[in-house]
Amino acid sequence: MAILLLVLLLQAVLPSPPAAAAPGLCVGPVCAEEITRSAKHHWQLRLRLNDQQGRHERLVVDCRDGRLSPADGTVERGYAAALARRACRLAGEAPPAAIARPS
């Protein structure tokens, strides 16, 4: 009984270890490790992407028209665009359906 009280007391006093992080938002082999909204323009999201080959990239998506900046990069753009569309939808900044996907 005394050991149980000691363990409970130590758990209350000592900081708990950090929780395991979620894997992030993924589409195919591309995942977004970090998604933040622009402070100046609410329709812009900043994404930090990585793929299964270990390539990393930061990009900005304009949720009004789905445009990625930079337009070219190390991460495959089809998956990056799909991931950007999903992030915009989750952030409540989804573009109109007519321009959501390039033809």
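Placed above this text is the structure.
Summary of the structure given here. (Residues numbered from 1 in each chain as written. Predicted model: local features only at pLDDT ≥ 70, side-chain atom pairs only at ≥ 80, totals over all residues. Heavy atoms only, no water.)

1. Structural notes on the pattern of salt bridges
Applying the stated criterion to the full structure yields 8 salt bridges. Two residues, R77 and E57, come together in a salt bridge whose shortest N-O distance is 2.5 Å. Of the two residues, R77 sits in helix α2 (residues 77-90) while E57 sits in strand β4 (residues 56-62), which places them 20 residues apart along the sequence. Take R77: its relative accessible area is 16%, and that puts it in the buried class. According to the relative accessible area criterion, E57 is buried, its value standing at 9%. Close ionic contact of D65 with R67 constitutes a salt bridge, the shortest N to O distance being 3.1 Å. Through salt bridges with shared partners, one network takes in D62, R64, D65 and R67. (Salt bridge = Lys/Arg side-chain N within 4 Å of Asp/Glu carboxyl O. Helix = DSSP H or I, 4+ residues; strand = E, 2+ residues; numbered from the N terminus. Buried < 20%, exposed > 50% of the residue type's maximum accessible area, 1.4 Å probe, protein only.)

2. Comments concerning the side chain of N50
Summarising the element assignment, N50 is placed in strand β3 (residues 44-51). Side chain to side chain, N50 and E33 meet in a polar contact 2.3 Å long. Excluding residues within four positions of it along the chain, N50 makes contact with P29, V30, C31, E33, R55 and H56. (Polar contact = N/O pair within 3.5 Å; in protein donor to acceptor, adjacent residues only side chain to side chain. Contact = heavy atoms within 4.5 Å.)

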